[in-house]
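Report on the structure
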Amino acid sequence: MESVKNPHQAQDHFVLPESNQPLKEPTIKLTSEQVDFFRTNGFLSIDHLIDENEVTYIRDQYDKWFAAKLGREHGNFFDLLSEDTDDREAVAPQLLWPSIYGKTMTGFDLYSTQMYANAYEICKSLLGEATEFKGDHAILKPPSANSLPTPWHQDEAYWDPTLSYESVGVWVALQPVSVENGCMQFIPGSHRAGDVLPHHTQNNNPRIHGLEVDTPSEYTKEIVACPLPSGGATFHHCRTLHYTGANASAEPRRAYTLQFQCNTTKREQPRLNTWNETKTTDRERRAKESGWNLRAP
Ligand SMILES: O=C(O)CCC(=O)C(=O)O
Ligand SMILES: [Fe+2]
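A brief look at the structure comes next. (Residues numbered from 1 in each chain as written. Chains lettered and ligands numbered in written order. Predicted model: local features only at pLDDT ≥ 70, side-chain atom pairs only at ≥ 80, totals over all residues. Heavy atoms only, no water.)

Considering the site of ligand 1
As a reminder, the rule being used: We call a residue near a molecule or strand as soon as one heavy atom of that residue lies within 4 Å of the molecule or strand. Any N or O atom pair separated by 3.5 Å or less is treated as a polar contact, with the protein-specific requirement of one donor-capable and one acceptor-capable atom, and with residues adjacent in sequence counted only for side-chain atom pairs. Accessibility throughout is a Shrake-Rupley quantity obtained with a 1.4 Å probe, and a residue counts as covered only by protein chains that appear here. Runs of H or I in DSSP of at least four residues are treated as helices and runs of E of at least two as strands, each being numbered from the N terminus. Amino acid classes used here: Ala, Val, Leu, Ile, Met, Phe, Trp, Tyr, Cys and Pro are nonpolar; Asp, Glu, Lys and Arg are charged; the rest, including Gly, are polar.
His137, Ile139, Lys141, Thr150, His153, Asp155, Trp171, His236, His242, Thr244, Arg253 and Thr257 make up every residue found near ligand 1. Histidine 242 has a polar side-chain atom sitting 3.1 Å from an oxygen atom of ligand 1. In the model, an oxygen atom of ligand 1 is placed 2.9 Å from a nitrogen or oxygen of the threonine 257 side chain. Within the complex, the protein chains bury 97% of what would otherwise be the 300 Å² of accessible surface of ligand 1. No other element matches the three residues that strand 4 (residues 132-141) contributes to the shell around ligand 1. Its residues assigned to classes, the shell around ligand 1 shows two nonpolar, seven polar and three charged.

The following block contains the structure:
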């Protein structure tokens, strides 16, 4: 494998894009039935977002980033589901801002991918013309007896409590996914249940970054799992409850997530956010010490 230099600077030293506009034309348009489905259910599944050539290209890049643990010293590479100590193999390694690290470290240009053009176009249909890119991240589930589910959560529970979001997460499968290796699962209509629900850190451990909604059994009576072929994607609203199972297969499960938002507004009062305020993760410490101050997408 090609060696990738691990940086020791904060984000000022990275190549940030001049524009977030896609450089390719989209090749997909949603039907009005698909838009209606999303509005009603808070998620949508699409079997073909990108072709296998692009999947192979992105997967190759992805494996380099994860092998090099890019972003570790900035708090942008960590274990989502454990205390994230250096001496243990990560259960669910997560990389924030692959577009920024990829551009500088491996020449990856998110903005010229078909994945970005198609995801942007679809999110504009779901959210409106003023849609903008909010950021990206990637979660790898290695094949392991220790693999864990990503608990039921709403993405907005991770974000700024002074803002109210209209946002969509695009979760791209970089190999086929099924319930067995950790495809996305959703609670239909949960995005319309009101404000962000109370959450807690995994196992109520403040050293773990991953969040779980309180009393998940109250919400999980109807679950829709979304298996996908390689290059397929799901789209979910930031208040849609979602989950992925452990990876029980013999291959890694790689997912790339893009976040788009539209008309984010300031709240009159900040919402409840105790679950983030009481966190004491090493990820947060590394981010502070390195001077990284881009909010996690
Ligand atoms: O891939 C996973 O395990 C979870 C992904 C997720 O929660 C997201 O992309 O919002
Ligand atoms: Fe999520």
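Side note on empty space enclosed by the protein
To keep it simple, the criterion reads: Only protein atoms enter the 1 Å grid used here, on which a cavity is any set of points holding a 1.4 Å probe that cannot leave and a pocket is any open set flanked by protein within 12 Å on both sides along at least five of seven lines; residues with an atom within 4 Å of a point are listed as lining. Grid points are joined across faces, edges and corners, and a volume is the space filled by probe spheres set on the points.
Inspection of every chain in the model, using the stated rule, returns one cavity of 30 Å³ or more. Computed from the structure, the largest cavity encloses a volume of approximately 40 Å³. If you go around the largest cavity, the residues you meet are Phe78, Asp79, Ser82, Glu83, Asp84, Arg207, Ile208, His209, Thr281, Asp282 and Arg283. Counting residues per element, the ones that place at least two in the lining of the largest cavity are strand 2 (77-79) and helix 6 (282-290). Considering only residue class, the lining of the largest cavity consists of two nonpolar, three polar and six charged.

Describing the coordination of the iron ion (ligand 2)
For clarity, the cut-off: Any nitrogen, oxygen or sulfur atom within 2.8 Å of a metal ion counts as a donor, with the limit raised to 3.2 Å for Na, K and Ca, and since water is left out, coordination shells can look unfinished. Summary of the burial criterion: residues with accessible area below 20% of their type's maximum are buried, those above 50% are exposed, and those between are partly exposed, where the area comes from a 1.4 Å probe applied to protein chains only.
For the iron ion (ligand 2), the full set of protein donor atoms is His153 (NE2), Asp155 (OD) and His242 (NE2), at a range of 2.1 Å. Donor residues for the iron ion (ligand 2) sit on one chain with the sequence pattern H-x1-D-x86-H. Within this pair, whereas aspartate 155 is found in the loop between strand 5 (150-153) and strand 6 (163-164), its partner histidine 242 is found in strand 13 (residues 242-244), the two being separated by 87 residues in sequence. Histidine 242 matches aspartate 155 in its accessibility class, with the two residues each being buried.

Considering the pattern of salt bridges
Selection rule: Criterion for a salt bridge: a side-chain nitrogen of Lys or Arg within 4 Å of a carboxyl oxygen of Asp or Glu.
Under the criterion given, the structure shown has 14 salt bridges. As a salt-bridge pair, aspartate 84 and arginine 286 come within 3.0 Å of each other at their nearest N and O atoms. In this pair, aspartate 84 is assigned in the loop between strand 2 and strand 3 (93-96) and arginine 286 in helix 6, connecting sequence segments 202 residues apart. For the pair shown, aspartate 84 and arginine 286 are each scored as buried. As a salt-bridge pair, glutamate 289 and arginine 285 come within 3.2 Å of each other at their nearest N and O atoms. Taken together, the positions of glutamate 289 and arginine 285, both in helix 6 and four residues apart, correspond to about one turn of that helix. With relative accessibility at 38%, the residue arginine 285 sits in the partly exposed group. Here the salt bridges share partners, and the residues they tie into one network are Glu83, Arg207, Asp282, Arg285 and Glu289.

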